[in-house]
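Remarks on the overall topology
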Amino acid sequence: SSKEPIDRKFQEILSFHAGVAAVCEGNGGGAYHIYRNGDPVYSGRRFKRTFGFYAAQRAAVVDFDDMFFHIDLTGQPVYDERYSWCGNFHGVLPDNNVFRSPVRDVENRYYYIDHQGERKIGPFSYAGDPNSAGHSVVHDVDGNPRI
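Treat the numbers as computed from the prediction; the structure is a model and nothing was measured. (Residues numbered from 1 in each chain as written. Predicted model: local features only at pLDDT ≥ 70, side-chain atom pairs only at ≥ 80, totals over all residues. Heavy atoms only, no water.)

Brief notes about the nonpolar core
We count it as follows: Throughout, nonpolar core names a set of buried Ala, Val, Leu, Ile, Met, Phe, Trp, Tyr and Cys residues whose side chains join them through atoms within 4.5 Å. For every residue, the accessible area (1.4 Å probe, protein chains only) is compared with the maximum for its type, and the residue is labelled buried under 20%, exposed over 50%, or partly exposed between those bounds. Comment: elements are numbered from the N terminus, with helices defined as DSSP H or I runs of at least four residues and strands as E runs of at least two. We call two residues in contact whenever any of their non-hydrogen atoms come within 4.5 Å of each other.
Ranked by internal contacts, the top residues of the largest apolar core, which has 27 residues, are I71, Y79 and C86. At the level of elements, β2 (20–24), β3 (31–35), β5 (59–62), β6 (68–71), β9 (98–104) and β10 (110–113) are the ones that each hand at least two residues to this core. Per-element accounting of this core gives the leading share, 4 residues, to β5. With sequence-adjacent residues up to four places away left out, Y79 is seen in contact with F69, H70, C86, I113, Q116 and G117. Of all hydrophobic cores here, the second largest spans 5 residues; its members include Y110, F124, A127 and V138.

Comments concerning the sheet that holds strand β1 (residues 12–13)
Using the following cut-off: Two strands pair under a simple rule: DSSP has to find at least two bridges between them.
Across the sheet, which stays open at both edges, the 3 strands sit in the order β1-β2-β3 with antiparallel pairing between neighbours. Two strands lie at the open edges of the sheet, namely β1 and β3, each paired on one side alone. Where β2 meets β3, 5 bridges bridge the pair, whose relative direction is antiparallel. Counterpart to A22 in the pairing with β3 is H33.

These figures come from the coordinates and say nothing about function on their own.
Printed below as a string of C-alpha cells:
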C-alpha cells in the first residue's frame, strides 16, 4: 500500500472504508470510487454522487436523473429498482450474511431492503439507519415512532 499522495484533484473525497473511497472529480468528470493509490475501483461508470462502501460491499449512488440505488464493487447496480433516497447497508446478522439498508420510494414510503435489493420490512413513514446496538427508529404508516 503506497503512502504517496494521489496526483489528482477531486472536488470531493469521502473517507476510505476497507481501502476504497467515494470521489467526485467535478467539471463533468462524475463521481466514482477509488483505491488508496487513486486508481478507479471500476472502469467506465460515472455517477452524479457516490457514497462509501460499507457492509455487504454495497455503496449507495445517485444517477444523473437524481435517483438512488446500490452498486457492487464492479460498479454495477445490484437491483433494478430506483429510489428517491438510499441509506447505507448495515449488518443485521453479518455472520449469517444478513444485511439491511433503509430506502425511500418516490411516494415517500420507507422500507428496508436486503443486500440483493429485495424489500424485507415496511412500508414506514420513516426508517433510519441502525445505531451501534443494531436498533433502528421507524415511524409506522400512521407516524407513530417504534424501535
